[in-house]
Amino acid sequence: MEYDLIRLWLGMISDMGNAVLGRILDYFGGPEELWNVPEHVLRETLTEKQSERILCTRDEKKIIVYKNRLKERNITYIYPGHPYFPEVLREIPDCPFLLYAKGCVETLKTDRTGIAIVGARKASAYGKEMAEQFASVLAGYRTGIISGLAAGIDGAAQRAAINVENGFTVAVLGCGINICYPKENYNLFERIGRQGVILSEYGLDIEPAAWRFPLRNRIISGLAKGVLVVEAQKKSGSLITADQALEQGREVYAVPGRIGDRNSEGCNHLIRQGAMLVTDPEDIVEDLKLERRILAAGKAEFREDSRLTDLEQKICACMGREVLHIEEICARVDQPPARILTALFDMERKGIIRQPVRYYFAVTQG
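Everything quoted here is computed from the prediction, not taken from an experiment. (Residues numbered from 1 in each chain as written. Predicted model: local features only at pLDDT ≥ 70, side-chain atom pairs only at ≥ 80, totals over all residues. Heavy atoms only, no water.)

**Some words on helix α1 (residues 3–13)**
Part 1 of the reasoning: The buried count for α1 comes to ten of eleven residues, which makes it a mostly enclosed element.
Part 2 of the reasoning: The inward-facing, buried residues of α1 contact α2 (18–28), α3 (31–36), α5 (48–57), α6 (60–72), β1 (75–78) and β2 (99–103). (Buried < 20%, exposed > 50% of the residue type's maximum accessible area, 1.4 Å probe, protein only. Helix = DSSP H or I, 4+ residues; strand = E, 2+ residues; numbered from the N terminus. Contact = heavy atoms within 4.5 Å.)

**So, unusual backbone geometry**
Part 1 of the reasoning: Following Y181, the chain continues into P182 via a peptide bond in cis, with omega recorded as 0°.
Part 2 of the reasoning: Within the secondary structure, P182 is located in the loop between β5 (169–172) and α9 (186–195).
Part 3 of the reasoning: Despite not being glycine, D205 has its phi angle at roughly 65°, a positive value.
Part 4 of the reasoning: Considering the arrangement of structural elements, one finds D205 in the loop between β6 (197–200) and α10 (212–223).
Part 5 of the reasoning: Non-glycine residue K289 carries a positive phi angle of around 55°.

**A closer look at the packing of helix α15 (residues 326–333) against helix α16 (residues 337–349)**
Part 1 of the reasoning: For the pair α15 and α16, the least separation of the axes is 10 Å and the interaxial angle reads 110°. As the angle between them shows, α15 and α16 are arranged roughly perpendicular. On α16, the residues that touch I326, I329, C330 and V333 of α15 are P337, I340, L341 and L344. (Axes fitted to C-alpha atoms, helices over the stretch in contact; angles between N-to-C directions. Parallel < 35°, antiparallel > 145°, perpendicular 65-115°, else oblique.)

**Considerations on the packing of aromatic side chains**
Part 1 of the reasoning: Counted under the stated rule, the structure contains seven aromatic pairs.
Part 2 of the reasoning: Ring plane angle 85° and centroid distance 6.2 Å describe the contact between Y3 and Y79, whose orientation is recorded as edge-to-face. Highlighted residues: Y3 in helix α1 and Y79 in the loop between β1 and β2, separated in sequence by 76 residues.
Part 3 of the reasoning: Judged by relative accessible area, Y3 falls into the partly exposed class, the value being 35%.
Part 4 of the reasoning: In textbook terms, an aromatic cluster arises when at least three aromatic residues are bridged by ring pairs, as seen for Y3, Y77 and Y79.
Part 5 of the reasoning: Over the ring of F213 we find R121, and its NZ or CZ is 5.7 Å from the ring centre.
Part 6 of the reasoning: One cation-aromatic arrangement involves R212 over Y202; the distance from NZ or CZ to the ring centre is 4.7 Å. (Phe/Tyr/Trp six-rings, centres within 6.5 Å; stacked < 30°, edge-to-face > 60°. Lys NZ or Arg CZ within 6 Å of the ring centre and 35° of its normal.)

**What to know about the environment of G351**
Part 1 of the reasoning: Relative to the helices and strands, G351 resides in the loop between α16 and β11 (353–357).
Part 2 of the reasoning: Overall, G351 belongs to the partly exposed group, its relative accessible area being 40%.

**Observations concerning the nonpolar core**
Part 1 of the reasoning: Formed by 41 residues in total, the largest nonpolar core has its most connected members in W9, L34, I54 and Y100.
Part 2 of the reasoning: At the level of secondary structure, the elements contributing two or more residues to this core comprise α1, α2, α3, α5, α6, β1 and α9.
Part 3 of the reasoning: Looking at this core, the element that brings in the most residues is α1, giving seven residues.
Part 4 of the reasoning: The contact partners of I54, leaving out residues within four places of it in the chain, are W9, I13, M16, I24, L34, L42 and L46. (Core = buried A, V, L, I, M, F, W, Y, C linked by side-chain atoms within 4.5 Å.)

**Notes on the pattern of salt bridges**
Part 1 of the reasoning: By the definition in use, this model includes 14 salt bridges.
Part 2 of the reasoning: When the shortest N-O distance is used, the salt bridge between E39 and R43 registers 3.0 Å. One end of the pair is E39 and the other is R43, both in helix α4 (residues 39–45) and four residues apart, which spans about a single turn.
Part 3 of the reasoning: Residue R43 is classed as partly exposed on the basis of its relative accessible area, which comes to 37%. (Salt bridge = Lys/Arg side-chain N within 4 Å of Asp/Glu carboxyl O.)

Written out as structure tokens, the structure reads:
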């Protein structure tokens, strides 16, 4: 049978656990060898449950039917050695044997540096604002925002990233590739499926389960060069992601929080343990030496507008299509902050620019 179909078959039996499947493959010598092992050898070697799972799916016709079901839903699958499989995942322990993917899958092989943003599901308004601010700014660099599509911090960060022009985000699920969890993020799930990438180790119709989420966190951190924790309790999935990031050799960043706030305990603990304290997206930009993204269309050309003063014309010309902090605008235009801020608020009122997050501005796209 074709190797591509054998890899899909591995995805169909991976619900026995990536680590368990890895040991089975090591024992028999690899995917093709496992495919060809006689039934009686499997039954003598493995547990009844393991051998039954392998045998009931070891059917080429079933695999082709499953592949067609995926194709009908615009879902593909990638694996180590596939042209779109991210090389960074091959570096981590317990590398997934197969990932189901939907969206702009080819972008997984671009030079975008991944930044994971994770945090509390029951996030505060402040936490969501911080997640949005960091994601909006970092998405303006050659980077993708990676998270788990969860309620709270995850969803806020990914929503902000995809709202930036040409912003890119990867959602790693702890359930089947066609299932949105939580349901409140369905619109975001649909948008990422068109404009970003949805990834999962789990195929069609696999329901969420508590044990799946810690396992998917290794993929979130594995795709990233750095992990930012915005809000988290001391015992939480976000800290599991941070621990896995450290094991994988990734950087860990934390937004400090208020003393006595349960959602701040995790971040403050990480900082005590050596995570880098960050209060501004530029802290991460400088630490990872991120490069600002160059849009394919080049810098936006701004036509003169009779509604704008000379200063406002200069501001628009310097901004192009970038999302810029007011300090960067002041530096480019070489004017004091008070004068620039007044002009920016006037321009926002005229509908020329928008403010995705506080003190960051972008030209409104017509």
